[in-house]
Amino acid sequence: MAAKATTTIRQSMHYQPEHAAWFAANQVLFNQVAAFYFEVIQAHEKILDLGDQDALSALEKLTHATRKNPHPVMPLSSIGKDIPAMFRRAAIHAALGSARSFSSHLQQWRKRKEKAEAKGKGFHERPPVPPRAWNKSATLYAGMWKERAGSSMVMKVWTGTCWSWVKVRIIGRDLPTDAEIGSPQLIRRGNQWWLHTPVEKQFKSPGKIEKQVTTNAQTRMCAVDLNINEHLAVCTIQTVEGTILATTFIGGGRRISGFRKKQLGRIARNRSKTGIIAEGEQDNADLWRKIRQVDEQVAHLVSARIVQFAQAHQASILVFEHLGNLKPEKGKYSRRGNNKRAYWMKGRIFNYAKYKAWHIGVITSRVNPANTSRECHRCHSLVIRYDAGERAEGYTPGASLVRCSHCWMQGHADRNASLVIGQRLIARYQTPLKEKPYAPVRRAGREEKSSGVALSQEAKSKSRPSTDLAGYGESNEHGTAQDGLLRMDERLSDIPCQLRLPFE
Ligand SMILES: [Zn+2]
């Protein structure tokens with residue numbers, strides 16, 4: 001079975017200074033043609049019922065003069081003469097995309113309106129509006145470019161007065177040789193023009209998780225526990241039969257949190273000065289941008305590290321837990337904001353990791369998050385959680401160590417959680433009691449009780465709790481004879497764990 005993954009190769013271009021104006025003129029014309037076709041589609045709505053190929057033919061018939069069709073209804077020549085066919089077609093596709101999106105939004109709006117009116121309710125939502133300004137990048141279909149070598153390419157552009165072939169030098173990452181090259185786009189970023197080329201890579205698609213897990217006991221999984229404390233991600237590699245092979249702690253959480261808190265504190269102070277609360281407020285806009293950029297970069301760094309670790313240990317499955325609801329925090333503005341952003345970042349890390357993993361043939365899954373931190377990865381009893389230097393008793397959320405009073409497992413709390421997360425995925429396919437599909441409960445306006453307050457009482461007693469989370473992977477028992485932080489044969493990853501954060 002083959003699967004596909006599309007990436008975009010971004011390359012900057014070297015060109016003569018006057019060519020920048022040509023690329024700009026080319027883009028203006030491209031958008032004029034796209035806007036023109038958008039209008040044509042609005043005037044002939046039935047076109048949207050057609051597939052892209054038929055829609056293209058229909059639109060050309062309406063607009064393009066040929067010997068057979070000398071007087072089209074809405075001639076494109078009103079916009080410009082001698083527009084190359086492939087330039088026209090690229091613009092038609094851009095227009096079709098926008099028109100389809102606009103039409104589906106409009107339909108949804110009409111449905112909501114009908115529904116409200118049927119119930120006799122007022123409906124005040126404004127209808128979606130067609131794009132007011134067109135600012136799409138020009139796509140160069142085959143025929144509009146040629147002689148693409150490693151470091152140069154020739155392309156046909158509208159200079160503002162005529163069509164001309166321009167040779168540009170290309171800088172940056174080479175195109176892969178084993179992938180299918182799509183139509184490049186001319187992209188403006190600031191004053192610089194770039195070439196973005198989509199490439200489609202075919203690879204052997206990873207087997208379904210169920211098949212991997214049930215047919216090969218040596219299948220390796222990388223399980224990830226995402227945190228909002230120092231260890232943004234704790235990853236463990238274990239096989240289906242339960243051998244633990246490696247652990248890595250991806251740190252930097254405290255620094256990112258400190259950085260964010262500082263910025264949020266500044267924002268709060270600015271607000272109290274001006275009395276205005278608005279994310280887009282000019283004074284604070286820069287601070288918000290800074291926070292967003294750093295969050296984005298950290299999510300990319302962490303997700304890349306996770307996937308790198310999985311790949312280094314030949315894991316073919318990546319496992320996360322579902323995020324659950326954002327628990328509202330009490331306290332200062334900066335604390336609440338920081339928590340919210342840390343929570344969002346977890347979602348981003350998951351999405352980016354999933355995407356990056358897919359590109360190397362690793363499949364991603366998520367499991368039910370209930371009690372992953374409270375369960376012993378070895379015997380599945382409830383654990384005691386405490387900080388180093390404190391008495392090992394009770395359950396202190398966020399503390400760094402765990403101990404199981406049933407099997408005497410002890411170790412790092414986040415590593416334990418990561419192992420439990422991995423085991424849940426296996427348990428899904430091994431036990432008759434299948435894991436329940438995860439559905440977060442939304443309780444608006446009320447703080448959600450963290451999911452184990454009652455259980456932690458039982459964890460204090462030395463006996464095996466009655467609410468033992470049995471049923472998760474009985475077959476794991478034989479392979480997990482480790483104690484302490486790491487097993488003898490378990491390697492700490494040689495991938496550096498400390499991230500160089502972008503603001504440092
Ligand atoms: Zn235990």
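Anyway, here's the lowdown on the structure attached to this text. Because the structure is predicted, anything quoted here is derived from the model rather than measured.

1. Here we look at the coordination of the zinc ion
In the first shell of the zinc ion, the protein supplies Cys 376 (SG), Cys 379 (SG), Cys 404 (SG) and Cys 407 (SG), at 2.2 to 2.3 Å from the metal. Its 4 donor atoms give the zinc ion angles of 98 to 115° at the centre, a pattern that matches the tetrahedral case. Within one chain, the residues serving as donors to the zinc ion are arranged as C-x2-C-x24-C-x2-C. Taken together, the residues Cys 379 in the loop between strand 13 (363-367) and strand 14 (383-386) and Cys 407 in the loop between strand 15 (401-404) and strand 16 (410-412) connect sequence positions 28 residues apart. Each member of the pair, Cys 379 as well as Cys 407, is classed as buried.

2. Notes on the pattern of salt bridges
Following the criterion strictly, the structure yields 13 salt bridges and no others. Residues Glu 117 and Lys 113 are paired through a salt bridge, measuring 3.6 Å at the closest nitrogen-oxygen approach. Within this pair, Glu 117 and its partner Lys 113 are both found in helix 3 (residues 85-118), separated by 4 residues, close to a single helical turn. The residue Glu 375 makes a salt bridge to Arg 424 at a minimum N-O spacing of 2.6 Å. Linking Glu 375 in the loop between strand 13 and strand 14 with Arg 424 in helix 8 (residues 413-430), this pair joins segments that are 49 residues apart in sequence. Note on accessibility: Glu 375 and Arg 424 belong to one class, buried. Among the charged side chains, a network of salt bridges with common partners joins Glu 60, Arg 88 and Arg 89.

3. Structural notes on the nonpolar core
The nonpolar side chains of soluble globular proteins are, as a tendency, buried together. Met 13, Phe 23, Met 155 and Leu 186 are the most contacted members of the largest nonpolar core, which totals 49 residues. Secondary structure elements with two or more residues in this core: helix 1 (17-43), helix 2 (52-63), helix 3, strand 4 (152-158), strand 5 (163-171) and strand 8 (192-204). Top contributing element to this core by residue count: helix 1, with 12 residues. Counting residues in hydrophobic clusters, the runner-up holds 29 residues, among them Cys 235, Phe 259, Val 298 and Val 362.

4. A closer look at the packing of helix 2 against helix 3
At a minimum axis separation of 11 Å, helix 2 and helix 3 run at an interaxial angle of 115°. Taken together, the axes of helix 2 and helix 3 lie roughly perpendicular to each other. Seen along the crossing, helix 2 lies across helix 3 with a hand that is right-handed. Each of Asp 52, Ala 55, Leu 56, Leu 59 and Glu 60 in helix 2 lies in contact with helix 3, whose residues at this interface are Arg 88, Arg 89, Ile 92, His 93, Leu 96 and Arg 100. In terms of residue class, the contact of helix 2 with helix 3 is made up of 5 nonpolar, 1 polar and 5 charged.

5. Overview of unusual backbone geometry
Its identity as a non-glycine residue notwithstanding, Asn 371 has a phi of 60°, on the positive side. With respect to the secondary-structure elements, Asn 371 resides in the loop between strand 13 and strand 14. Residues other than glycine seldom take positive phi values, yet Trp 408 does so here, at roughly 65°. Relative to the helices and strands, Trp 408 is located in the loop between strand 15 and strand 16.

6. Examining the side chain of Asp 225
Mapped onto the elements of the fold, Asp 225 is located in strand 9 (residues 220-226). Nearest to the buried, unbridged Asp 225 among oppositely charged side chains is Lys 346, at 6.5 Å. A polar atom in the side chain of Asp 225 sits 3.2 Å from the side chain of Asn 227. Those residues in contact with Asp 225 that sit more than four places away from it in its chain are Leu 232, Ala 233, Val 234, Glu 321, Asp 414, Ala 417, Ser 418 and Ile 421.

Scoring rules and cut-offs
Residues numbered from 1 in each chain as written. Predicted model: local features only at pLDDT ≥ 70, side-chain atom pairs only at ≥ 80, totals over all residues. Heavy atoms only, no water. Donors = N, O, S within 2.8 Å, 3.2 Å for Na, K, Ca; no water. Tetrahedral: all angles 85-135°; square planar, octahedral: opposite > 155°, others 65-115°. Helix = DSSP H or I, 4+ residues; strand = E, 2+ residues; numbered from the N terminus. Buried < 20%, exposed > 50% of the residue type's maximum accessible area, 1.4 Å probe, protein only. Salt bridge = Lys/Arg side-chain N within 4 Å of Asp/Glu carboxyl O. Core = buried A, V, L, I, M, F, W, Y, C linked by side-chain atoms within 4.5 Å. Axes fitted to C-alpha atoms, helices over the stretch in contact; angles between N-to-C directions. Parallel < 35°, antiparallel > 145°, perpendicular 65-115°, else oblique. Left-handed = near helix turned anticlockwise from the far one by under 90°. Contact = heavy atoms within 4.5 Å. Nonpolar A, V, L, I, M, F, W, Y, C, P; charged D, E, K, R; others polar. Lys, Arg positive; Asp, Glu negative; His and termini not counted. Polar contact = N/O pair within 3.5 Å; in protein donor to acceptor, adjacent residues only side chain to side chain.

Geometric values such as these leave the question of function open.
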